[in-house]
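Geometric and topological summary
In case you want the letters, here they are:
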Amino acid sequence: MNSILEENNMAFDKDAIIASLKEASITDLNDLVKGIEDEFGVSAAAPVAAAGAAGGDAAAKDSFDVELTESGDAKVKAIKAVREITGLGLKDAKGLVDNVPSVIKEGLSEDEANDVKEKLEAAGGVVTLK
């Protein structure tokens, strides 16, 4: 890839990169993907779609939504917990806590959902995982 950039005075030339990729072997492309994953801390793995009706009940649920169903007596603590979990501002976090039931986070793994649930329950909230 460096030769591609050097040939063009360090300019990014997507056409030259695409041409090089067309000539590369599967092994070279695999090495490139691994290198990009390592360099940028990303994954090229395709997201796995949730099992639909065809999967039925045999498929384990792999995506959870965390819903705050009751904010509890200590609303300030619940608002602080929602802000920490979501990164929302004070007004938005307060809106979620005041208008329960509210979905706080969607599409989490079971471990992440349980972690969020514990934080909200520690702040006095009642949480349901869906």
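Further up the page is the structure itself.
The following refers to the structure shown. (Residues numbered from 1 in each chain as written. Predicted model: local features only at pLDDT ≥ 70, side-chain atom pairs only at ≥ 80, totals over all residues. Heavy atoms only, no water.)

Concerning the sheet that holds strand S2 (residues 102-108)
The line we're drawing: One bridge is not enough; two strands pair if DSSP finds at least two bridges between them. Helical segments are the DSSP runs of H or I of at least four residues, strand segments are the runs of E of at least two, and each set is numbered from the N terminus. Each axis is a line fitted through C-alpha atoms, and for a helix only the stretch in contact is used; angles between axes span 0 to 180 degrees, taken between their N-to-C directions.
Pairing is antiparallel across the open sheet formed by three strands, whose spatial order is S2-S1-S3. Strands with a single pairing partner mark the edges of an open sheet, and in this sheet they are S2 and strand S3 (126-129). The mean angle between the axes of side-by-side strands here comes to 20°, regardless of whether they run parallel or antiparallel. Sheet topology note: the strand S1 (residues 64-70)/S3 ladder contains four bridges and is antiparallel.

Some words on the nonpolar core
Here is the rule: We define the nonpolar core as a collection of buried residues of types Ala, Val, Leu, Ile, Met, Phe, Trp, Tyr and Cys that are connected through side-chain atoms lying within 4.5 Å of one another. Buried residues are those whose accessible area, probed at 1.4 Å on protein chains only, stays under 20% of the maximum for their type, while exposed residues exceed 50% and partly exposed ones sit between those limits. Throughout, a residue-residue contact means that at least one pair of heavy atoms, one from each residue, lies within 4.5 Å.
Of all hydrophobic cores here, the largest spans 17 residues; its most connected members are Val66, Val82, Val97, Ile104, Val116 and Leu120. Taken together, the elements giving at least two residues each to this core come down to S1, helix H4 (75-86), helix H5 (90-98), S2 and helix H6 (110-122). Counting residues per element, this core draws most heavily on H4, which supplies five residues. Sequence-distant contacts of leucine 120, that is, excluding residues within four places in its chain, are made with Val66, Ala81, Val82, Ile85, Ile104, Gly125 and Val127.

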